[in-house]
Amino acid sequence: MGKHIQIGALVEKEHGSSAYNDISSSKGVLYAFLETGRSSDLFSEKQFGEFGEAAILTMVVEAKEKNNVLERLVQTLKINADGEGLVFEETEILKVSNER
C-alpha cells in the first residue's frame, strides 16, 4: 500500500460544510477540499425544484490513518443514521508534492 490515499464524500451541502470544518485538521489529513453545487439525485431534500444543494469533500490522507478518518467522516456526516450520502476511498496516490 502507498503512503497516501484519497477519500471523498458526496453529501448535502450543510453536512459537507460541517464535516470539512471538523475533519480538515484531523490527524493524518494532509489536504482537504470542499466544493459545492447542485445535484438532481441522491438527496431527498430539493431546494431548487428537482435539484438539491450538494457538497463534495475530497481529502488526501496518510494511508495508515485511513480507517480512523473514514470512521470519523461517517460519524460526522451521520451517514449511518440518515442514509443520505456517499463516502468513497480511491486508490493510492503515488506522489504528493508541495512544489510549485
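It should be noted that the structure appears before, not after, this text.
Residues numbered from 1 in each chain as written. Predicted model: local features only at pLDDT ≥ 70, side-chain atom pairs only at ≥ 80, totals over all residues. Heavy atoms only, no water.

### Things to note about the packing of aromatic side chains
Point 1. Enumeration over the complete set of coordinates arrives at one aromatic pair.
Point 2. Aromatic pair Tyr31 and Phe33: ring centres 6.4 Å apart, planes at 10°, arrangement stacked.
Point 3. Classification of Tyr31 by relative accessible area gives partly exposed; the value is 28%.
Point 4. Given a relative accessible area of 46%, Phe33 falls into the partly exposed group. (Phe/Tyr/Trp six-rings, centres within 6.5 Å; stacked < 30°, edge-to-face > 60°. Buried < 20%, exposed > 50% of the residue type's maximum accessible area, 1.4 Å probe, protein only.)

### A closer look at the nonpolar core
Point 1. Ranked by internal contacts, the top residues of the largest apolar core, which has 18 residues, are Ile7, Leu57, Met59, Val61, Val69, Leu73 and Leu77.
Point 2. Elements that contribute at least two residues to this core include exactly β1 (4-12), α1 (13-23), β2 (29-39), β3 (52-62) and α2 (66-77).
Point 3. In this view, Leu73 contacts Ile7, Ala9, Ala19, Ile23, Leu57, Met59 and Val87; residues no more than four positions away in its chain are not counted. (Core = buried A, V, L, I, M, F, W, Y, C linked by side-chain atoms within 4.5 Å. Helix = DSSP H or I, 4+ residues; strand = E, 2+ residues; numbered from the N terminus. Contact = heavy atoms within 4.5 Å.)

### Points about α1
Point 1. Along α1, the positions that sit buried rather than exposed are His15, Gly16, Ala19 and Ile23. The buried residues of α1 occupy an angular sector of 100° when projected down its axis, which confines them to one face. Those residues of α1 that are exposed and angled more than 90 degrees off the buried face are Glu14 and Asn21. (Arc of directions from axis to C-beta.)

Purely geometric numbers; function is a separate question.
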